[in-house]
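Examining the three-dimensional arrangement
The primary structure of each chain is shown beneath.
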Amino acid sequence: MVTSSVPRLVVAAPSSGSGKTTVATGLMAAFAARGLAVSPHKVGPDYIDPGYHALATGRVGRNLDAYLCGPELVAPLFLHGARGCDIAVVEGVMGLYDGAAGEGELASTAHVAKLLGAPVVLVVDASSQSRSVAALVHGFASWDPEVRVGGVILNKVASDRHEELLREALDSAGVPVLGALRRAEQVSTPSRHLGLVPVAERGAAAVEAVAAMAAQVSRGCDLAALEALARTAGPVPGGSALWTPASPTLPHARLRSRGGTPVPKPSAERPAPVVAVAGGSAFTFSYAEHTELLTAAGAEVVTFDPLRDEQLPPGTAGLVIGGGFPEVYAAELSANEPLRKAIAELALNGAPVAAECAGLLYLCRELDGRPMCGVLDAPARMTDRLTLGYRDAVAVGDSVLAVAGTRMRGHEFHRTVVEPGAGAAPAWGVRAPVRRLEGFVQQGVHASYLHTHWASEPGVARRFVERCRTS
């Protein structure tokens, strides 16, 4: 059952590193342990935190990105994910009011909280302050009258006396303290060059980490008060407009008017083409809606693991390779020569192939000197430079994903460089930070650094599946 009044909380913070992931994930798991069906969400383009959210709740983690999808899709996508749930927890991104660079509040946690009509729980790192915490919380709570900060969770509290001083100070701020987590009980989650290590790579250690977060939150927070706060949320603004993968029509007049890809009607008469989707530890970056859209467009989606499977799934007609960490697994990916050859042959025969970031690297001739699939005659290598940010993009020519002129928004997040290769046209013209051409289109291959959210453009998945039927 879908209700636009699902109880919900947004977990935010004054800045990154304050403890949002620990609190949000622990809160999700603690609510689930109380018998609630919890809908997990993450603001922004993060792929890793939703994996921990899924462990905590038993439901797929979903992203809410007002830049990639547009503000008008945030509430419908939220309600799609929250179907049948008793409560929803949304983990914010960066600081509460930090959004897309140069775009004001767009895509900030505060923006998403307003789009959802959800109360905010502010997680504050209190490790180096006492009375000053009141000024900090008062500033965040009063900065935007449309953002309702319903409570504070104090993180990295040193002692009972420290907690007492913090609570006394916050009495004057008018924002209730809903929890206090001790510094000595902090849960360690390993990180590397692009953030936390994904759940798929940690196995039992990830399960233990989520259990530890749940225990910490259960000990230090007033779960009953947090649930009560979630229930103060009224109907989701615009909640009558629902998004479904079978009928993703709500906001797309805007996209088509600026050069969107026509939406072909799915055919029920022809057999479902098999679309192989890369998974496993090396390719963990994917939005849940992509698989749902492919299935709704008539594909049979089959997941395979390039680290272990030596052949593509039987009958593969198209291939989707998302983001992840091929640089971490370059040796293992290179050693799987049978699969590399199978992918190269599939692409050579003109089958549709969609690759993003890690997928782009895997299709290259080599990565840091190790042979990859060789679909693209271009080498890739790791660098010390981080490329990060939202991008506005327009399709330079026709491809298996879009017709020329289609405008989409994407996100880049990598520390690699792909040298220009021969035999391929660019995929996108990108604006910000400078105008440039990006990606590769070659026969049925569309490969790019840009992570895109297909829910923002309904023609992408259906166009890809139709090409799988006809190629």
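Whatever comes next refers back to the structure up there.
First, a word on what this report is: a plain description of the structure on this page. (Residues numbered from 1 in each chain as written. Predicted model: local features only at pLDDT ≥ 70, side-chain atom pairs only at ≥ 80, totals over all residues. Heavy atoms only, no water.)

With respect to the packing of helix α1 (residues 20-33) against helix α2 (residues 49-57)
Close contact between α1 and α2 brings their axes to 8 Å; oriented N to C, the two are set at 20°. The angle between α1 and α2 falls in the class roughly parallel. Pair α1 / α2 crosses with right-handed handedness. Of α2, the residues touching α1 (which contributes T21, T25, M28, A29 and A32) are D49, Y52, H53, A56 and T57. When grouped by side-chain class, the residues that make up the contact of α1 with α2 number five nonpolar, four polar and one charged. (Axes fitted to C-alpha atoms, helices over the stretch in contact; angles between N-to-C directions. Helix = DSSP H or I, 4+ residues; strand = E, 2+ residues; numbered from the N terminus. Parallel < 35°, antiparallel > 145°, perpendicular 65-115°, else oblique. Left-handed = near helix turned anticlockwise from the far one by under 90°. Contact = heavy atoms within 4.5 Å. Nonpolar A, V, L, I, M, F, W, Y, C, P; charged D, E, K, R; others polar.)

What to know about the nonpolar core
Side chains of a nonpolar character, in soluble globular proteins, are inclined to be buried together. Counting 115 residues, the largest nonpolar core has F31, F78, L154, L226, L294, W454 and F464 as the members making the most contacts within it. Counting residues per element, this core draws most heavily on α1, at seven residues. Residues contacting F31, with those up to four places away along its chain left out, are L9, L36, V38, I87, V89, L223, L226 and E227. Core analysis: the next-biggest nonpolar cluster, separate from the first, contains 39 residues, A276, A330, L346 and A380 among them. (Core = buried A, V, L, I, M, F, W, Y, C linked by side-chain atoms within 4.5 Å. Buried < 20%, exposed > 50% of the residue type's maximum accessible area, 1.4 Å probe, protein only.)

Quick notes on the packing of aromatic side chains
Enumeration according to the criterion identifies seven aromatic pairs in this entry. When the ring of Y47 is compared with that of F285, the centres are 5.0 Å apart and the planes differ by 5°; the resulting orientation is stacked. Of this pair, Y47 sits in the loop between β2 (38-43) and α2 while F285 sits in the loop between β10 (274-278) and α11 (288-296), and the two are 238 residues apart along the sequence. What makes F285 buried here is its relative accessible area of 6%. Measuring from ring centre to ring centre gives 5.9 Å for Y97 and F140, while their planes differ by 25°; the resulting arrangement is stacked. One end of the pair, Y97, is in the loop between β4 (87-91) and α4 (109-116); the other, F140, is in helix α5 (residues 132-142), and 43 residues separate them in sequence. Note on F140: relative accessible area 17%, which makes it buried. The structure contains a cluster of three or more aromatic residues connected by ring pairs, namely Y47, F285, Y287 and F325. Note that R409 overlies the ring of Y67, its terminal NZ or CZ placed 4.0 Å from the centroid. (Phe/Tyr/Trp six-rings, centres within 6.5 Å; stacked < 30°, edge-to-face > 60°. Lys NZ or Arg CZ within 6 Å of the ring centre and 35° of its normal.)

Describing helix α9 (residues 223-230)
Owing to its 3.6 residues per turn, the α-helix brings residues three or four apart onto one side. Listing the buried residues of α9 in full gives L223, L226, E227, L229 and A230. Projected down its long axis, α9 shows its buried positions confined to an angular sector of 160°, all on one face. (Arc of directions from axis to C-beta.)

Focus on helix α3 (residues 71-81)
Within α3, nine of the eleven residues are buried, leaving the element largely enclosed by the surrounding structure. Looking only at α3, the buried set comprises L73, V74, A75, P76, L77, F78, L79, H80 and G81.

Description of the side chain of T316
In this structure, T316 sits in strand β12 (residues 316-321). Under the relative-accessibility criterion, T316 is labelled buried at 15%. There is a polar contact of 2.6 Å between the side chain of T316 and the backbone oxygen of P313. Not counting residues within four places of it along the chain, the set of residues in contact with T316 comprises V274, A276 and L346. (Polar contact = N/O pair within 3.5 Å; in protein donor to acceptor, adjacent residues only side chain to side chain.)

Looking at the sheet that holds β12
Pairing within the open sheet is mixed, and its six strands lie in the order β11-β10-β12-β13-β21-β20. Both outer strands of the open sheet, β11 (300-304) and β20 (440-442), are each paired with one neighbouring strand and no more. For this sheet the average axis-to-axis angle between neighbouring strands, irrespective of direction, equals 15°. Contacts between helix α13 (residues 337-348) and the sheet are confined to β11, β12, β13 (353-356) and β21 (445-448), with β12 contributing the most and set at about 110° to the helix. Together, β10, β12 and β13 form the strand contacts of helix α15 (residues 459-470), whose direction differs from that of β12 by roughly 145°. (Pairing = 2+ DSSP bridges.)

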